[in-house]
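# A look at the structure
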2 protein chains.
Amino acid sequence: MAEFAAPTLRDIHTASARIAAHARVTPVLRSAELDALAGATLLFKCEHLQVGGAFKFRGACNAVWSLDDDEAGRGVVTHSSGNHGAALALAARTRKIPAHIVVPEGAVAAKLANIERAGGILHRCAPTQAAREEACEKVQRETGATLVHPYADARVMAGQGTIVLELLQQIPHLDTVIVPIGGGGLASGCAIALAALSPQARLVGAEPAGANDAFRSLQRGQRVTDIVPHTICDGLRATIGEPNFALLGAHRVEVITVDDAATLAAMRLVWAELKQTIEPSSAVVLAALLAQRERFAGQRVGLVLSGGNVDLDALPFAA
Amino acid sequence: MAEFAAPTLRDIHTASARIAAHARVTPVLRSAELDALAGATLLFKCEHLQVGGAFKFRGACNAVWSLDDDEAGRGVVTHSSGNHGAALALAARTRKIPAHIVVPEGAVAAKLANIERAGGILHRCAPTQAAREEACEKVQRETGATLVHPYADARVMAGQGTIVLELLQQIPHLDTVIVPIGGGGLASGCAIALAALSPQARLVGAEPAGANDAFRSLQRGQRVTDIVPHTICDGLRATIGEPNFALLGAHRVEVITVDDAATLAAMRLVWAELKQTIEPSSAVVLAALLAQRERFAGQRVGLVLSGGNVDLDALPFAA
């Protein structure tokens, strides 16, 4: 990763223009009830309403349309527990090229169905990082497909950073933006955009306590890679990427961790008050805010609802 | 009801101006997946994102702000299984006047909680039309409060009609608008607005097969009032109002009935694809469209999602 070149604000603007014909401008929703509960002005950026039901389409679409025609013709490949895989398949479809998706056993059924529906070519593997990477390399060798890593990829980061670009066009003044942290692609892109466009605003990451590798990595100043994730947030189980870790450190992004019970309570609040069907990985942002209510009191806070691909047959509510 | 004066387009414009400071302009959402499934362009008007989580706030707010100061000071009263009650309480709060809500036993817990949270004064009664009316009259005698009927009220109809006004501003050309039918307040206001502003478009009502009094009334040319409703659509169990029946007949509104299984399947589709947490009474509009897919094929159809107040502890999905 020594050669990794982080995206700039200019790359994020380029990404924004590149994906404009394919991605959606997602709405910002509010709830008087949630504002009252938080004692702050909450502005929910609805990326669960993005194409494919998650923010991931932005980065995947930017990556797919960054390729030259020769590269594109050989297709793209990635490993993903779900939303990035579906997003890459959908993005590939906009360019009529093949997308190979390596999926670890145990992924959420609704997300697998999304990948297949989007025309992605599924490759199953064991649920370990090594098995994922090996399966990806095999596809690359056999097809010449370009790897589009879910988060440790500058094109993907730039695509995710367009969320902050768009949010600041919709809501010019924000004190804080809170995003979920899994591998750190969303947080990296948003940190770069926010630092450039609204330097007085803070980016805060929300991470499950049961997959707190970003939190511990930033605390130690060294990337922690030996955590076995245990959380209902299936989209946030990845280990923070190497360039992502470096970028979050450089931008002094702070991470708040929340346990699954708090995340579920927040998810329920979003369903009940905002009437939005979000997945657990989205709810960590509200859980983090409510966990440190006094700190955000009176602020204008942007919260990125990252995805809405939840199994309606296996809802985590109630007994 | 001999003296009933139906609202005009002008009344609907007046209502729109009157409620503008309090009601929300709700977004119109789309889903490529649902368009593909329907073979039509579906434009979902998100009234479940209205203040109080249902379209009812529009009519209640118009009624409350139609009163002169003396009348207003004595408060308002209504009977409601839920959404209209909460809406009237919220509307009364915007004018700082008391709202008495008569609630039949068996109402949805989430809706009762909304009424109480909005500051409404609850009066319980037996779940019959006679008991509801008697309880309302008692409150009127004792307090001098003004009755704001949930649907057989010109101010309420005019308020609900502002939905079509707003929808046509957002989406200028529509072939059909589909709304749920309970007592017929929403359908009446929308029929008047649509006939005046877009006479080539059709208004279609969607009604549960287990509460098909509007369907049967229009078929017979005579109001049918002896149906015992049996449907999961708790917001659509009311009997069509007398003036509502007359207005729907005059505007030749057609009603499509759907059984609860079709409504549940449609509700699930809206949750999964549109990522919107709607209640069963909202889902009848999509169920009706899918039941007669060939007929709406290729059309631009506005579908009013009427409310999102669903009991998350008692979801009707799965086994």
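Residues numbered from 1 in each chain as written. Chains lettered and ligands numbered in written order. Predicted model: local features only at pLDDT ≥ 70, side-chain atom pairs only at ≥ 80, totals over all residues.

Quick look at the interface of chain A and chain B now. At the junction of the two partners, chain A supplies 17 residues and chain B supplies 17 residues. Looking at the side of chain A that touches chain B element by element, the count peaks at three residues for helix H12 (residues 260-274) of chain A. Grouping the amino acids of the side of chain A that touches chain B by side-chain chemistry returns nine nonpolar, five polar and three charged. (Contact = placed C-beta atoms within 7 Å. Helix = DSSP H or I, 4+ residues; strand = E, 2+ residues; numbered from the N terminus. Nonpolar A, V, L, I, M, F, W, Y, C, P; charged D, E, K, R; others polar.)

Residue and element names in this part refer to chain A. Packing of helix H1 (residues 9-19) against helix H8 (residues 154-170) brings their axes to within 8 Å, and their N-to-C directions diverge by 90°. Here H8 runs roughly perpendicular to H1, going by the angle between their axes. From H1, Asp11, Ile12, Ala15, Ser16 and Ile19 reach across to H8, where they touch Ala158, Gly159, Gly161, Thr162 and Leu165. Looking at the contact of H1 with H8, its residues break down into five nonpolar, four polar and one charged. (Axes fitted to C-alpha atoms, helices over the stretch in contact; angles between N-to-C directions. Parallel < 35°, antiparallel > 145°, perpendicular 65-115°, else oblique.)

Spatially, four strands are ordered E5-E4-E3-E6 (chain A) in an open sheet, and the strand pairing comes out parallel. On the outer flanks of this sheet lie strand E5 (121-125) and strand E6 (146-147) of chain A, each paired with one strand and no other. (Pairing = 2+ DSSP bridges.)

The next point concerns the environment of Glu33 of chain A. Within the fold, Glu33 of chain A resides in helix H2 (residues 32-38). Remark: the alpha-carbon pair of Glu33 of chain A and Val102 of chain A, spanning 69 residues in sequence, is separated by 41 Å.

Residue and element names in this part refer to chain A. Within strand E4 (residues 99-104), five of the six residues are buried, which leaves the element mostly enclosed by the surrounding structure. Of the pairings in the sheet, the one linking strand E3 (residues 76-79) to E4 comprises four bridges and is parallel in character. Paired with Val76 across the strands is Ala99, a residue of E4. In this view, the connection linking E3 to its parallel neighbour E4 by way of helix H5 (residues 83-94) has right-handed handedness. Sheet analysis places E4 next to E5, joined by five bridges and oriented parallel. Of the residues in E5, the one forming a bridge with Val103 is Arg124. Remark: the E4/helix H6 (residues 109-117)/E5 crossover connection has right-handed handedness. (Buried ≥ 20, exposed ≤ 12 C-beta atoms within 10 Å, placed from the backbone. Right-handed = clockwise from strand over helix to strand, strands pointing away.)

Residues and elements named next belong to chain A. Here H1 has its buried residues at Asp11, Ile12, Ala15, Ser16, Arg18 and Ile19. Relative to the axis of H1, the buried residues are bounded by an arc of 165° and lie together on one face. Opposite the buried face of H1, by more than 90 degrees, sit the exposed residues Arg10 and Ala17. Looking at the buried residues of H1, the elements they touch are helix H3 (56-66), H8 and helix H9 (185-197). (Arc of directions from axis to C-beta.)

Here we come to the nonpolar core. Cys190 of chain A together with Cys190 of chain B are the most contacted members of the largest nonpolar core, which totals 197 residues. Ignoring sequence-local partners within four residues, the contact set of Cys190 of chain B consists of Gln160, Gly161, Ile163, Val164, Val177, Val179 and Leu203 of chain B. (Core = buried A, V, L, I, M, F, W, Y, C linked by C-beta atoms within 7 Å.)

Here we come to the pairing of strand E8 (residues 202-208) of chain B. Residue and element names in this part refer to chain B. Burial analysis of E8 places seven of its seven residues in the buried class, the great majority of the element. Covered by surrounding structure in E8 are Arg202, Val204, Ala206 and Pro208 together with Leu203, Gly205 and Glu207, the residues of both alternating faces. Note that strand E7 (residues 176-180) and E8 share five bridges and pair parallel. Bridge assignment links Val179 to a residue of E8, and that residue is Gly205. In this region the chain leaves E7, passes through helix H9 (residues 185-197) and returns to the parallel neighbour E8; the handedness of that crossover is right-handed.

Mapping chain A onto chain B leaves a residual RMSD of 0.0 Å; the transformation is a rotation of 180° accompanied by 0.0 Å of translation along its axis. In the structure described here, the two chain copies are related by an operation that fits a two-fold rotation axis. In terms of proximity to the rotation axis, the leading residue of chain A is Gln276 of chain A, whose C-alpha is 2.4 Å off the axis. With an isologous cut-off of 70% or more, the 100% of interface residues of chain A that recur at the interface of chain B puts this contact in the isologous class. (Least-squares fit on C-alpha atoms with pLDDT ≥ 70 in both.)

A few words on the domain arrangement of chain A. Residues and elements named next belong to chain A. Domain annotation for chain A reports domain 1 (9-55 + 153-314) and domain 2 (57-147). Taking only C-alpha atoms into account, the centre of domain 1 sits 23 Å from that of domain 2. Across the boundary between the two partners, domain 1 contributes 29 residues, which contact 22 residues of domain 2. Secondary structure elements with two or more residues in the side of domain 1 that touches domain 2: H1 and H8. Looking at which element gives the most residues to the side of domain 1 that touches domain 2, the answer is H8, with eight residues. (Domains from an automatic or database assignment.)

A separate point is unusual backbone geometry. All names here are of chain B. The residue Lys96 is not glycine, and still its phi comes out positive at about 55°. Inspection of the secondary structure assignment puts Lys96 in the loop between helix H5 (83-94) and strand E4 (99-104). Look at Lys96 and you get exposed, because 9 C-beta atoms sit within 10 Å. A positive phi angle, close to 45°, is found at Arg252, a residue other than glycine. By the element assignment, Arg252 lies in the loop between helix H11 (242-250) and strand E9 (254-258). The class for Arg252 is exposed, based on 11 C-beta atoms found within 10 Å.

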